Amino acid sequence: MLIALAGNPNTGKSSLFNAITGAHQHIGNWPGVTVEKKEGTITFEGKKITIVDLPGTYSLTAYSLEEVITRNFILEEEPDVVVDVIDATNLERNLYLLTELMELTDRIVIALNMFDEAKKKYKLDVKKMRELLGLPVIPTVAIKDKGIKDLLHACLHGYFKPKKLSYPEDVENRVEKLQRMMENLDLKNKRWHAIKLLENDSEVRKKFANLGRKDILHEAEHLRHEIEDIYGDDIETLIASFRYSFAHGLFHEVAEPLNVGGVTITDMIDHVVAHKIFGLPIFLVVMYLSFEFVFVVAAPFQDAIDLIFNGKTLASGQHINGLIDISYHWMASFMPNWASSFINYGMLRGLAAVLTFTPIIMFLFLILSILEDSGYLARVAFLMDKLMRKIGLEGRGIISLMLGFGCNVPAVMSTRALKNERERELSIALNPLIPCGARIQVFAFITAIFFKHNQALVMWSLILLSMGVVALLGYVYSKTIFKGKAEPFVMELPPYRVPSLKGIFIHMWEKSEGFLRKAGTIIVGAAGIIWLLAALPWGVQFGGENSYIGQIAHFLAPVGAPFGITPESIIALFFGFFAKEVVIDVFYVLYGTKEALFAAMTPLQAYSLLLFILFYTPCVATLATIYNETKSTKFVLFVILEGFALALFFSFLAYTIGSFLGVGG
Amino acid sequence: MKLQTKVLLSVIYSSILASFSLILGIFEIAGSLGLHTNFAPPDIMGGFSLIIASSLILYGAKNTVKFLYDGLSFYLVGLALLIAIGLLNIIIALADLLDYYILCIGENCSGYSAHIRPEIYIFFLALLGLYPFFVRWHFRRKVP
Amino acid sequence: MIKDVLRGISQGKTLAQIAEELNMEYSALMGMIEHLIKMGYIIAVDRKPQEISACKTCPLYKVCSKNGPKIYYLTEKGKRAIK
């Protein structure tokens, strides 16, 4: 006796095979291909039974090797029984294969595997399923060896009276007509062949061509067109739809979902956060709460680190030495003062600056990791897509835009996935306007210093502004420069889960470590250069008007004046062109301490600077990538100009209005 | 007590709490626009957050009582946001306390005088409204 | 049913929404999606390995996220099917 095990992948088919055959297995390959074939022999109730494990498949089309092997085996070898191993926890999905198997053979035994798990999910009516299908249905739990004997017993003595899956009359007529034409051919299961011919199945067509029966092929072609005309649909869809409807109907007959009418917590949350009115406000609140959390929780840590390195000047004027002061005095005892100053107040203070800033970075990444691991960020992409559609953008490259919040480089690269050239250019043009992780760090840094009481609000306003500008420009561009139709798409949203603590910390550490390492190396270089600029030519006051840096600043001063941007900021912005996070380093080297930086600008000037950083030219790496992707210098220039135009516009606007109203001055 | 009655009581309780939060949120925004009140600290986005959270609760209340999952979803997400806002304010209070003493090192500081934001009370009060979450499998997509 | 799914996609619904409206199990819908890919109605866009390796040129490679959601587009055939 020959039994074949068929079923979807991951249904526990292999466990069932092992449970039945035990050690008596033979593993080889299917003839001519490298797909694994497992066979085993057992004796049950005195009968010798050979069991073949067929490859796992979802359907029996001609599209994949596994599916062709499976259906050919059942068709040609005619196993006495085919066991359809069904993952009962995903019943509906597994029933589609059953509909296809039922067309191939009548002798099917259904193994409802993982039955114990499935009972937690639905109320399953096995008896009704037996009656509706006219086939043995046996609950099994392969990994616990449960139901194996019943299954084998059913294979030997089962009652097979399957209900036929019948198509509408217009289709059935034609199936019969084709069947009649095959009458004198030596073919097993002519009905199946007829259906597959109508479905335009490439393998079966080949078979008939080899048999030299062009007439049947022509007739099938003709009949197919007739059906397609009647239904106005292509036949493959039509027939697959019938099968799906059958599976769907059967599922609802035999299974009654338990919790919340089959609604999971993920469904419930998505119902709200993707809501057309509440979705956006909820996102704004989540974003605000996240920033608030980052700044507030980081503050004590920052202050502690600052105290340890930089010490503190008391109200009485007495100075408590920090580690750097102590190190300076110690080094000055055996090396020239200028060298000790360079090492301690140039480089070490810069490194300390990075360290004091680390808590913000860590908490920022902590919260981002939580949002990402929990699955909420994917919903934000979906929400933005919906919003974009509303203004006529149809979610062009929204995923690549969302990636931009991490880093613009991979984001620009990901636009390759977009089919449509226009769409691609549009999302490349918009991408640099999304503040990347590095820019967000700079915002966090400046915000933490200048906006003690409204940090989260300031951050929030920047992100909101950038998204607004992207949406607005996207709309304008798609109506003017990058016209064209957008591709409809759907996203697979992962279910929400409580992120694992370990996962979050690994994530957070990986990201923070990247920042620290980079900032650490850059600061040594940048600090060196800037210290030199501030100290040269020999003999001037350090960082004074006559030093190189003072001269550069003096020269640049009129440039930034209308925007309230200080010359030092311009220097920082210049270095930021190479990598945005360097802006932080430059500020620390130029000003030395947070207090000095705070004294150098008004909050209004700082805000104007933030707006400038938000939009001005993307970093070198991003520009190089844009060039690589478009091979157009013009496009790169366009992106730079676009950035500067927006930066100048918004910081001028903010500074002018702010000065006029007298806010933050 | 019948399940229906328990859910009804829980929803009524949360709706009253949500109404208070809504008013508090409005006053917090008003406060930041210059209209100071004693009980609501001026906080524009904090107020906005409260308004959104409580609107979700009120929006979902009616269908929650009807045992529809559509209502329950809004009710629970709103409650979760309210609890998150409360939790955040507790963390803020703790962080402020820690920061105060760190900045005090080496100086003679007076003891820390805490001001407790109303959101912190809301955190504890909102936890009591979660009852429908624990009986969520009695809810249905449509009225049976 | 297949057309309902394709229509849902072109209207920008989530898979969860489509499954809910058709009263289907989510896993069953995903099975259908796989099938539709094979039939050429939709294509799945994954980030390919060579793109990921290109990402490494980014100075912030370690910082940025490497797993985005999977996206499915309607093909020309898919668009024709629902016209």
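Residues numbered from 1 in each chain as written. Chains lettered and ligands numbered in written order. Predicted model: local features only at pLDDT ≥ 70, side-chain atom pairs only at ≥ 80, totals over all residues.

J.: What should I look at first to understand the overall build of chain B in this one?
T.: Check the secondary structure of chain B and you find 5 helices and 0 strands. When its helices and strands are written in sequence order, chain B yields α-α-α-α-α. Taking 144 residues into account, the globule formula puts the C-alpha radius of gyration at 15 Å, and chain B, at 18 Å, lies well above it. Projected onto the principal axes, the alpha-carbon positions of chain B cover approximately 70 × 30 × 20 Å. (Helix = DSSP H or I, 4+ residues; strand = E, 2+ residues; numbered from the N terminus. Rg over C-alpha atoms; globule rule 2.2 N^0.38 Å.)

J.: What exactly am I supposed to notice about the arrangement of the chains here?
T.: Interchain contacts are distributed over 2 pairs of chains, and the most extensive set of them lies between chains A and C. No part of chain B reaches chain C; the closest C-alpha pair between them is 10 Å apart. (Contact = placed C-beta atoms within 7 Å.)

J.: Which parts of the structure should I look at to understand the interface of chain B and chain A?
T.: By a widely used convention, the size of an interface equals the accessible area lost when the partners come together. Across the contact, 32 residues belong to chain B and 30 residues belong to chain A. Taken together, the elements giving at least two residues each to the side of chain B that touches chain A come down to helix 2 (44–65) and helix 3 (69–103) of chain B. The element contributing the most residues to the side of chain B that touches chain A is helix 3 of chain B, with 18 residues. Considering only residue class, the side of chain B that touches chain A consists of 23 nonpolar, 3 polar and 6 charged. (Nonpolar A, V, L, I, M, F, W, Y, C, P; charged D, E, K, R; others polar.)

J.: Help me understand the packing of helix 27 (residues 603–615) of chain A against helix 29 (residues 633–661) of chain A in this model?
T.: When two helices pack together, their arrangement is captured by the angle between the axes and the distance separating the axes. Residue and element names in this part refer to chain A. Where helix 27 contacts helix 29, the axes come no closer than 7 Å and their chain directions differ by 165°. When the axis of helix 27 is compared with that of helix 29, the two are roughly antiparallel. The crossing of helix 27 and helix 29 is right-handed. Packed against helix 27, whose contacting residues are L604, Y607, S608, L611, F612 and F615, the element helix 29 presents G643, L646, A647, F650, S651, A654, Y655, G658 and S659 at the interface. Across the contact of helix 27 with helix 29, the residue classes tally to 10 nonpolar, 5 polar and no charged. (Axes fitted to C-alpha atoms, helices over the stretch in contact; angles between N-to-C directions. Parallel < 35°, antiparallel > 145°, perpendicular 65-115°, else oblique. Left-handed = near helix turned anticlockwise from the far one by under 90°.)

J.: How do you make sense of the domain arrangement of chain A when you look at a structure like this?
T.: All names here are of chain A. Along its sequence, chain A is organised into domain 1 (2–157), domain 2 (169–260) and domain 3 (279–661). Taking the mean C-alpha position of each, domain 1 and domain 2 sit 24 Å from one another. Opposite the 20 residues of domain 1 that make contact, domain 2 presents 20 residues. At the level of elements, helix 2 (65–77), helix 3 (91–104), strand 7 (122–124) and helix 5 (126–133) are the ones that each hand at least two residues to the side of domain 1 that touches domain 2. The element contributing the most residues to the side of domain 1 that touches domain 2 is helix 3, with 8 residues. Looking at the side of domain 1 that touches domain 2 residue by residue, the classes come out as 11 nonpolar, 1 polar and 8 charged. (Domains from an automatic or database assignment.)

J.: Help me understand helix 6 (residues 148–157) of chain A, please; the structure alone is not making it clear to me.
T.: Owing to its 3.6 residues per turn, the α-helix aligns residues three or four sequence positions apart on the same side. Residues and elements named next belong to chain A. Within the span of helix 6, buried status applies to L151, L152, A154 and C155. Buried residues of helix 6, seen end-on, are gathered within an arc of 155° and therefore sit on one face of the element. Next to the buried residues of helix 6 lie strand 1 (2–7), strand 3 (36–44), strand 5 (81–87), strand 6 (108–113) and strand 8 (137–139). (Buried ≥ 20, exposed ≤ 12 C-beta atoms within 10 Å, placed from the backbone. Arc of directions from axis to C-beta.)

J.: Looking at this structure, I do not really get the packing of helix 7 (residues 169–181) of chain A against helix 8 (residues 190–198) of chain A. What am I missing?
T.: Residue and element names in this part refer to chain A. Relative orientation of the contacting elements helix 7 and helix 8 amounts to 115°, with a least axis distance of 9 Å. Considering only the axes of helix 7 and helix 8, their crossing is right-handed. In this structure, helix 7 uses R174, V175, L178 and Q179 to contact helix 8, whose residues at the interface are K190, R191, A194, I195, L197 and L198.

J.: Would you mind going over the sheet that holds strand 4 (residues 47–53) of chain A with me for this structure?
T.: Strand-to-strand pairing in sheets goes through backbone hydrogen bonds, with the strands running parallel or antiparallel. All names here are of chain A. The sheet built from 7 strands is open, its strands ordered 2-3-4-1-5-6-8 with mixed pairing. On the outer flanks of this sheet lie strand 2 (25–29) and strand 8, each paired with one strand and no other. Direction aside, neighbouring strands of the sheet carry axes that sit 25° apart on average. Pairing between strand 2 and strand 3: 5 bridges, direction antiparallel. Looking across to strand 3, one finds that H26 is bridged to E39. Where helix 1 (residues 13–21) meets the sheet, its contacts fall on strand 1, strand 2, strand 3, strand 4, strand 5 and strand 6, and the angle it forms with strand 4 comes to roughly 160°. (Pairing = 2+ DSSP bridges.)

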